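Residue strings, one per chain:
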Amino acid sequence: MKSISEDYEKAAEPGSAEKKPQPKGRRPYDRKNAKWVESLRSSDVSRLWSELHRIVSHHPLVRASRSAGLLVEEGSSAYTDLTQELFVQLLSKNRFEHYLESEMTDYEIECEISQIELTNLLTAELRKRHPESYRLARRISTLIQSSSNFRRFDTSGIDDEPHRRLADRLYGLGEWVDSKPRRGSHEVEQRMQMIPVRARDTRMVGCTGDSQVVISNPDLEDLIISVLDAVDSPVDVRTLRSLVMSRLPVMDIYLVPLDGDDSENDGNQFEPVDKRENPEQGLLRRESEREAAGFVDQFLKNLHEAVRGKVKQYNRILGVLWHCYLSPDHSTQLEVAASLGVSDSLVSDYRRRIEQELRALSFCEVEEARQFEIALRERVKTLVFKMAEKEVAV
């Protein structure tokens, strides 16, 4: 893709090869319509807006922003919001005043807005919405450029070769020959199926300790080598990053407010659910607790009558009720018999009487049964512990 500072209106004419080449170094700015200095001095807001909109429309990162979900509209209106945000950012940072005070040329102003201000704006938004993908893409790009295991396949090392953006450069394994053939995208996707997805490294890193490693640099380099080895073809950096990250459990979490933008008065309004009980629910809960307490009293009275009011047998049946039904220890029947000092058959008989009384209870709602269980557990726990304290004291 051409740089936005090039002359898009100039077409290739016959005999253009006969023109003298431009000297190396900074290219002269020859766009006729972009008069930044003149527009700033005259405070021509309409012209400034149109020039910013042109830069936004032709910026190479706009395609990545669209695929990342930052631009959802179609056509020229898709860049209006981004142009507005760029315009406000330049105003808030007093960049327009700086351009005039430092006597920058039209070419220098356009390059700074395009290559610095707008690029920073787009990358900051990408980093916010896709934090893990952004970090992994940067790490992959750094590794393939710095490691001796990889090298470029689209350059011969001559300085006057045309400039290529990093995403469009071809990379492969350093051991491959220069004439390594390229494969089609369909074959590349098929070959990628043999590489398993790596496990996620959940160690926390970062200056604030709120980011996970996902994959360490040595393992990431091994994964890149595995991808290139499976593909067996040089690939451009954009495709390579996509292939590598498809083998990683990437989680991009982007938090948005539930009520949306304050300016969207006509849109749907959302409020978080209040899970606290309201007065009606509190009243019903207290009534069910009182009813459950009444069920507990009647149930214990029936157990007392089942053993003919004998204190020793009543304490034993309470012990069976606690250990077999209510205790979180979940003891077996033989363990309960041993702890109470009775036979296994006696525990079975007590359990039959308890279950008979439980079946005689009638609850209209599940919540009533739940409240009965909670109240019964607290009451029997208190009684059993009191009996244990008396035995120890004796």
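Residues numbered from 1 in each chain as written. Predicted model: local features only at pLDDT ≥ 70, side-chain atom pairs only at ≥ 80, totals over all residues. Heavy atoms only, no water.

(A) Looking closely at the pattern of salt bridges. Taken as a whole and assessed by the stated rule, the structure comprises 19 salt bridges. The salt bridge involving glutamate 132 is made with arginine 200; its shortest N-O contact spans 2.3 Å. One end of the pair, glutamate 132, is in helix H7 (residues 131-146); the other, arginine 200, is in the loop between helix H8 (185-192) and strand S3 (201-205), with 68 residues separating them in the sequence. Comparing glutamate 132 with arginine 200 shows no difference in burial state: the two are buried. Salt-bridge contacts for aspartate 349 lead to arginine 353; the nearest nitrogen and oxygen are separated by 3.3 Å. Here aspartate 349 and its partner arginine 353 are both found in helix H14 (residues 344-360), 4 residues apart, which amounts to about one turn of the helix. Here the salt bridges do not stand alone but share partners, grouping Lys180, Arg183, Glu187, Arg191 and Asp232 into one network. (Salt bridge = Lys/Arg side-chain N within 4 Å of Asp/Glu carboxyl O. Helix = DSSP H or I, 4+ residues; strand = E, 2+ residues; numbered from the N terminus. Buried < 20%, exposed > 50% of the residue type's maximum accessible area, 1.4 Å probe, protein only.)

(B) Main features of the nonpolar core. Ranked by internal contacts, the top residues of the largest apolar core, which has 30 residues, are Leu220, Ile224, Val227, Leu228, Leu240 and Val244. Breaking this core down by element, the ones donating at least two residues are H7, strand S2 (170-173), H8, helix H9 (217-231) and helix H10 (237-245). Top contributing element to this core by residue count: H9, with 7 residues. Once residues lying within four places of it in the same chain are set aside, the contact partners of leucine 220 are Arg139, Ile140, Leu143, Ile215, Val244 and Leu248. Ranked by size, the runner-up nonpolar core spans 25 residues in total, among them Val307, Leu318, Val336 and Phe372. (Core = buried A, V, L, I, M, F, W, Y, C linked by side-chain atoms within 4.5 Å. Contact = heavy atoms within 4.5 Å.)

(C) Region of interest: unusual backbone geometry. If you check the backbone angles, asparagine 94 has positive phi at about 55° while not being a glycine. The residue asparagine 94 is located in the loop between helix H4 (80-92) and helix H5 (95-101) in this model. Positive phi values are uncommon outside glycine, yet valine 214 reaches one of about 70°. With respect to the secondary-structure elements, valine 214 resides in strand S4 (residues 211-214).

(D) Representation of the pairing of S2. Here strand S1 (residues 150-152) runs beside S2; their pairing, made up of 3 bridges, is antiparallel. Along S2, the bridge assignment pairs arginine 152 with tyrosine 171. With 2 bridges joining them, S2 and strand S5 (residues 235-236) adopt antiparallel strand pairing. Of the residues in S5, the one forming a bridge with tyrosine 171 is valine 235. (Pairing = 2+ DSSP bridges.)

(E) Region of interest: the packing of aromatic side chains. Counted according to the given criterion, the structure contains 6 aromatic pairs. Relative to phenylalanine 87, the ring of tryptophan 49 has its centre 6.3 Å away and its plane inclined at 65°; by these criteria the two rings are edge-to-face. Taken together, the residues tryptophan 49 in helix H2 (residues 45-58) and phenylalanine 87 in helix H4 connect sequence positions 38 residues apart. Residue class for tryptophan 49 comes out partly exposed when judged on its relative accessible area of 27%. Here the aromatic residues Trp49, Phe87, Phe96 and Tyr99 are joined through ring pairs into a cluster of three or more. We note arginine 151 situated over the ring of phenylalanine 153; from NZ or CZ to the ring centre the distance is 4.2 Å. In this structure, lysine 180 packs its charged tip against the face of tryptophan 176, placed 5.0 Å from the ring centre. (Phe/Tyr/Trp six-rings, centres within 6.5 Å; stacked < 30°, edge-to-face > 60°. Lys NZ or Arg CZ within 6 Å of the ring centre and 35° of its normal.)

(F) Up close: H4. The end-to-end C-alpha distance of H4, which contains 13 residues, comes to 18 Å, matching closely the 18 Å that a straight helix rising 1.5 Å per residue would cover. Taken together, the buried positions of H4 are occupied by Leu82, Thr83, Leu86, Phe87, Gln89 and Leu90. The buried residues of H4 occupy an angular sector of 165° when projected down its axis, which confines them to one face. The outward face of H4, more than 90 degrees from its buried face, is lined by the exposed residues Asp81 and Ser92. Where H4 is buried, its residues contact H2, H5 and helix H6 (106-129). Phi turns positive one or two residues past the end of H4, at asparagine 94, with a value near 55°. (Expected span 1.5 Å × (residues − 1). Arc of directions from axis to C-beta.)

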